[in-house]
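Geometric and topological summary
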Amino acid sequence: MEIIQLNIKGMTCASCVAHVEKGIKKTQGIDTAAVNLATEKATVSYDPEKTDIESIIKSVRDAGYAASLPVPDDQGDEEKEKAAQLNRLKIQTLISALLSLPLMLAMVAMLIEIKALHFLHDPLLQLILATPVQFWIGFRFYRGAWKSLKAGSPGMDLLVALGTSAAYFFSIYTGFFAETTAGEMPHLYFEASAVIITLVLLGKYLEARAKGKTSEAIQKLMSLQPGTARVERDGKEMEVPVSDVVPGDIVLIRPGERIPVDGPVLEGNTAVDESMISGESLPVEKEPGDTLISGTVNSYGAVRFRAEHVGSDSVLARIISIVEEAQGSKAPIQKLADKVAAVFVPVVLGIALVTLILWTVVAGDFTGGLVAAVAVLVIACPCALGLATPTAIMVGTGTGAGRGILIKNGEVLQTAGRVSALVLDKTGTITRGRPELKVVIALSAAWTADELLALAGSLENNSEHPLAQAVVTAAREAGCTLEKTESFTALPGQGIRAVFKGREYVIGKESYLRSMGIPLDDPEILKQKEELEDRGSTVIMMAETGSPALLALLPVADRIREHSAAAVAMLKEMGLQVYMITGDNERTARAIAREAGVDHVLADVLPEEKAEEVKKLQGSGHITAMAGDGVNDSPALVTADIGIAMGEGSDIAMESSDITLMRGDLREIAAAIQLSRKTMGKIRQNLFWAFFYNSIGIPFAALGLLNPVIAGAAMAFSSVSVVSNSLSLKKFKLKTPDSRGAAVTEDGNQAEEMNMKTTITVEGMSCNHCKMSVEKAASSVDSVTDAVVDLEKKELSLLVDEGKIDEVKAAVREAGFNPL
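How each quantity is defined
Residues numbered from 1 in each chain as written. Predicted model: local features only at pLDDT ≥ 70, side-chain atom pairs only at ≥ 80, totals over all residues. Heavy atoms only, no water. Helix = DSSP H or I, 4+ residues; strand = E, 2+ residues; numbered from the N terminus. Buried < 20%, exposed > 50% of the residue type's maximum accessible area, 1.4 Å probe, protein only. Contact = heavy atoms within 4.5 Å. Areas by Shrake-Rupley, 256 points an atom, 1.4 Å probe, with all protein chains shown as cover. Lys, Arg positive; Asp, Glu negative; His and termini not counted. Charge placed at Lys NZ, Arg CZ, Asp CG, Glu CD. Salt bridge = Lys/Arg side-chain N within 4 Å of Asp/Glu carboxyl O. Polar contact = N/O pair within 3.5 Å; in protein donor to acceptor, adjacent residues only side chain to side chain. Pairing = 2+ DSSP bridges. Core = buried A, V, L, I, M, F, W, Y, C linked by side-chain atoms within 4.5 Å. Axes fitted to C-alpha atoms, helices over the stretch in contact; angles between N-to-C directions. Parallel < 35°, antiparallel > 145°, perpendicular 65-115°, else oblique. Left-handed = near helix turned anticlockwise from the far one by under 90°. Nonpolar A, V, L, I, M, F, W, Y, C, P; charged D, E, K, R; others polar. pLDDT = per-residue confidence, 0-100. Phe/Tyr/Trp six-rings, centres within 6.5 Å; stacked < 30°, edge-to-face > 60°. Lys NZ or Arg CZ within 6 Å of the ring centre and 35° of its normal. Patch = residues over 30% accessible without salt bridge, like charges linked within 9 Å, V, L, I, M, F, W, Y side chains within 5 Å.

Description of the overall build of the protein chain
- Along the backbone of the protein chain there are 28 helices and 33 strands.
- C-alpha atoms of the protein chain, sized along the principal axes, occupy 125 × 65 × 60 Å.
- Across the 820 residues that make up the protein chain, the buried fraction comes to 53%.
- Long-range pairs, those at least 24 residues apart, make up 67% of the contacts in the protein chain with a sequence separation of at least 6.
- Only carbon and sulfur atoms are counted for the fraction: they give 55% of the accessible area of the protein chain, which is about 36400 Å².
- Taking the 79 positively charged and 102 negatively charged side chains of the protein chain as two groups, their mean positions are separated by 4 Å.

Regarding the pattern of salt bridges
- Taken as a whole and judged by the stated rule, the model has 27 salt bridges.
- Residue Glu-510 is joined to Arg-514 by a salt bridge in which the shortest nitrogen-to-oxygen separation is 2.9 Å. Taken together, the positions of Glu-510 and Arg-514, both in helix 18 (residues 510–515) and 4 residues apart, correspond to about one turn of that helix.
- For Arg-514, a relative accessible area of 42% translates into the label partly exposed.
- Residue Lys-529 pairs with Glu-533 through a salt bridge whose shortest N-O separation is 2.6 Å. Here Glu-533 and Lys-529 lie together in helix 19 (residues 523–534), a separation of 4 residues that amounts to about one turn.
- One network of salt bridges, with partners in common, ties together Glu-510, Arg-514, Lys-529, Glu-530, Glu-533, Asp-534 and Arg-587.

Details of the side chain of Ser-100
- Inspection of the secondary structure puts Ser-100 in helix 3 (residues 75–111).
- A relative accessible area of 4% means that Ser-100 is categorised as buried.
- A polar atom in the side chain of Ser-100 sits 2.9 Å from the side chain of Thr-198.
- Residues contacting Ser-100, with those up to four places away along its chain left out, are Val-133, Ala-194, Val-195 and Thr-198.

Notes on the pairing of strand 6 (residues 236–241)
- Strand direction decides the pairing type here: strand 5 (residues 228–233) and strand 6, joined by 6 bridges, are antiparallel. When the sheet's bridge partners are listed, Arg-233 is paired in strand 6 with Lys-236.
- In this antiparallel pair of consecutive strands, strand 5 and strand 6, the connection spans 2 residues, and Asp-234 shows a positive phi of 55°.

Some words on the nonpolar core
- Within the largest apolar cluster, 140 residues are counted, with the highest numbers of intra-cluster contacts made by Ile-659 and Ile-669.
- With 14 residues, helix 25 (residues 667–702) is the single largest residue contributor to this core.
- Not counting the four nearest positions on each side in its chain, Ile-669 is found in contact with Leu-422, Leu-424, Leu-571, Ala-627, Ile-644, Met-646 and Leu-661.

Observations concerning unusual backbone geometry
- Positive phi, normally seen in glycine, also occurs at Asp-234, with a value near 55°.
- Judged by its relative accessible area of 82%, Asp-234 is exposed.
- The phi dihedral of Lys-794 falls on the positive side, at around 60°, and the residue is not glycine.
- Within the secondary structure layout, Lys-794 lies in the loop between strand 31 (785–790) and strand 32 (795–800).
- A relative accessible area of 31% means that Lys-794 is categorised as partly exposed.

Observations concerning the environment of Ala-42
- Topologically, Ala-42 is positioned in strand 3 (residues 41–46).
- A C-alpha to C-alpha distance of 6.6 Å links Ala-42 and Asn-7, two positions 35 residues apart in sequence.
- When near neighbours in sequence (up to four residues on either side) are disregarded, Ala-42 contacts Ile-4, Gln-5, Leu-6, Ile-8, Ile-24, Ala-34 and Val-35.

So, the packing of helix 1 (residues 14–25) against helix 2 (residues 53–62)
- As a packed pair, helix 1 and helix 2 sit with axes 8 Å apart at the nearest point and diverge in direction by 140°. As the angle between them shows, helix 1 and helix 2 are arranged oblique. As for the relative orientation of helix 1 and helix 2, their crossing is right-handed in sense. Within the contact between the two elements, helix 1 uses Val-20, Gly-23 and Ile-24 and helix 2 uses Ile-56, Ser-59 and Val-60.
- Of the residues that constitute the contact of helix 1 with helix 2, the class distribution is 4 nonpolar, 2 polar and no charged.

Some details on the confidence of the model for the protein chain
- Mean pLDDT over the protein chain stands at 84; residues scoring 70 or higher make up 92%.
- Counted against residues more than four places away or in other chains, residues 737–754, with its pLDDT under 50, gives 42 contacts.

Section: the environment of Met-662
- Position of Met-662 among the secondary structure elements: in the loop between strand 27 (659–661) and helix 25.
- Since its relative accessible area comes to 5%, Met-662 is described here as buried.
- C-alpha of Met-662 to C-alpha of Asp-629: the two residues are 33 residues apart in sequence and 11 Å apart in space.

Quick look at the packing of aromatic side chains
- Scanning all chains against the criterion turns up 11 aromatic pairs.
- Where Phe-135 meets Tyr-142, the ring centres are 5.7 Å apart and the plane angle is 20°; that geometry is what we call stacked.
- For Tyr-142, a relative accessible area of 22% translates into the label partly exposed.
- A connected cluster of aromatic rings, assembled from ring pairs, spans Phe-135, Tyr-142, Tyr-168, Phe-169 and Phe-190.
- Directly above the aromatic system of Phe-141 lies the positively charged group of Arg-140, at a separation of 5.9 Å from the ring centroid.

A look at a positive patch on the surface
- A contiguous patch of positive charge, built from Arg-140, Arg-143, Lys-147 and Lys-150, is present on the exposed surface.
- Inspection of the secondary structure assignment puts Lys-150 in helix 5 (residues 139–150).
- When its relative accessible area of 63% is taken as the criterion, Lys-150 is described as exposed.

A short note on the sheet that holds strand 12 (residues 297–298)
- Strands sit in the order 10-9-12 across an open sheet of 3 strands; the sheet is antiparallel. Looking at strand neighbours, the two that pair on one side only are strand 10 (284–286) and strand 12, the edges of this open sheet.
- Pairing geometry for strand 9 (residues 270–273) and strand 10, over 3 bridges, is antiparallel. In the sheet register, Val-272 faces strand 10, and the bridge partner there is Val-284.

A short note on the packing of helix 1 against helix 11 (residues 335–361)
- Running from N to C, helix 1 and helix 11 point in directions that differ by 115°, and their axes come no closer than 8 Å. By the angle between their directions, the pair helix 1 and helix 11 is classed as roughly perpendicular. Like other packed secondary-structure pairs, helix 1 and helix 11 cross with a definite hand, here left-handed. Between helix 1 and helix 11, the residues in contact are Ala-14, Ser-15, Ala-18 and His-19 and Ala-341, Ala-342, Phe-344 and Val-345, respectively.

Thoughts on a negative patch on the surface
- On the surface, a cluster of negative charge is made up of Asp-521, Asp-522, Glu-524 and Glu-531.
- When you line up the elements, Asp-522 lands in the loop between helix 18 and helix 19.
- Overall, the relative accessible area of 34% leaves Asp-522 in the partly exposed class.

Remarks on a nonpolar patch on the surface
- Together, Phe-688, Trp-689, Phe-692, Ile-696, Phe-700, Leu-703 and Leu-705 give the surface a local cluster of nonpolar side chains, amounting to about 720 Å² of exposed area.
- Looking at the secondary structure, you find Leu-703 in the loop between helix 25 and helix 26 (708–727).

Re the sheet that holds strand 23 (residues 577–581)
- Read across the open sheet, the 7 strands follow the order 14-27-26-25-15-23-24; overall the sheet is mixed. Looking at which strands have only one partner, the edges of the open sheet turn out to be strand 14 (405–407) and strand 24 (600–602). Adjacent strand axes in the sheet meet at a mean angle of 20°, parallel and antiparallel pairs treated alike.
- For strand 26 (residues 642–645) and strand 27, the ladder comprises 2 bridges, and the chain directions are parallel. Across the sheet, residue Ala-645 finds its bridge partner in strand 27, namely Thr-660.

This is the structure we're talking about:
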């Protein structure tokens, strides 16, 4: 199957969405079709052997709408076109309002007997004022109604066209042809037709403005890509369009410039602001070998780097692709709204016809019946139904992207809020993923600690396991020479064996050495190993095969991440059961779990067994989420209901997970789940309002309890209220109580109201690097939030607990500056 995205024009309501989807699905070879009213896009999965893109576009046209493939790099033109359309709609609404105002005044004058304005009730004057509104400004509704009828898919345009036409032509009849008694003024409804069109246009204008704000996240991401790049070619420096940069080009970046493509630093040191990609507020230091990400901003140093991932392969392009896919997707909760929308307009037409017949036959009041039928037609609003879910998903996924949380689609967004059990991989998720070997415990008098370290480094040099690399790194840092080994064999999750200078050695877990026949019966050594494990170290054992004694214990420790304990506390407070899964033995695993605050431990689990452990939790009734690095955890990530990759932007992580966290902060898992719950809450509110509004409004209109003008106003503003409610998600903040029950902000510090606004004068700052150093130093103090330096005024502004001010000054002083 192949997937394409199409731009769809001409949709106005949920019924239009249903008709476009139905039209596409009629085409042979279509797997799925999801149409989004808010983005005006269709995402289609199809079999290229059975159909082609032209056939799919034709199916949309046959349904009465326009379709086209997105043109690369046309985002700017598209935004200009939308701005022009919005401006035209604004002008038409203003003209319509000016023409409708005298008609409204005429109605008010009749109701409260203002004789000075009775001249406005003249049928000819009202006809002159109402006709341009009905047929010039309102022509869009006739055009839309005709297209939808021709395609057999009636929508909102038909309801507005029928309702306003009925009021307009009935007014012509009563004003010019019906008999009236002497002195009696004719019953005119020109104000109903004109004001309804005005209000509908006003609603459409406000809706279009609000919908534009829902897509701000995508627009911001797209604006991060610079238009040009400075490259070195044939020894010359030149500026080229970023689309012309190819892998292997040497790219030059000056202070303050935005990174155009991804690649490793070759020369220079700097700090890069990655907040727009990862949500990380502090600049990230970069040196040769570190990777630069497109769209981020270089702060103070000039660097040269090699272009590696360009165009659609860059991290920024993949982020935009994921967010676009998510914003164009549907959540399962939308299915009910889709079913209602498919039959909505025909049902409303039927209700309006029945209303007219019953009023005429039973009550003997054709005029009252016509007014009630018009009210039924104009109050019915499939727009609110169509916008309820997609606008909330757009804002929710966009808000997540702004924090560095990439959510794959609407279904993931819905499921994440229902997660009851979270499985955290230990290495690289709870811990930093950078294990360190600090000491070698020699157990043989024939070897020194340095000799054993050199031996272990040589044996482990062919292994890619993190623990093996910790041993190799320690050996290199100690200045050991790593020599070649032979017959290297690794057993994943267990250990390795290799031949060094004619002798075979083994390194690995206790169980691995026992399986190799190494005797491990010295109680003193086993006690020493257990003590190390109780302190959280993973103890690797080394021995020579056939030897009766161990050579060394290699305790490797991986410290937990800075915010892991706080994150676990947040997740437990939210009602989740948190599990830690690891290949470590029970003793080491429980020591790490104790430090992180995790209650449930799954230890001695091999990589291929992690998926089975997730299945067991699912079998016990849990909705599961699995968080890992997205590489050796891929089977478990796929098995879990929600796979969360702490991949920090890696290719595999983005592809194998449902949610990708661009920075390795476990608190962002809590943020993703809270955001999901908040978004689903908004969707439920929107759907309730849309169903409640229609189920209450239509009966009231049918009973004659609603004036058509009021009905039109209600219809116009129902969709605006739904979009506005969705936009409130932009204010999302991660919240959790601390141990005292006080409010805590998303960075784990006390909420702003617990702190005071403070300004500190700092001497010695002269450049952006100084600015960032001071901000970083201040932010390192607990309870500090919003630390910002004004370089011109030499001032540091921040929110801080009053008792921590001296601590902040000390941190700034330690960074090399003079706080006053």
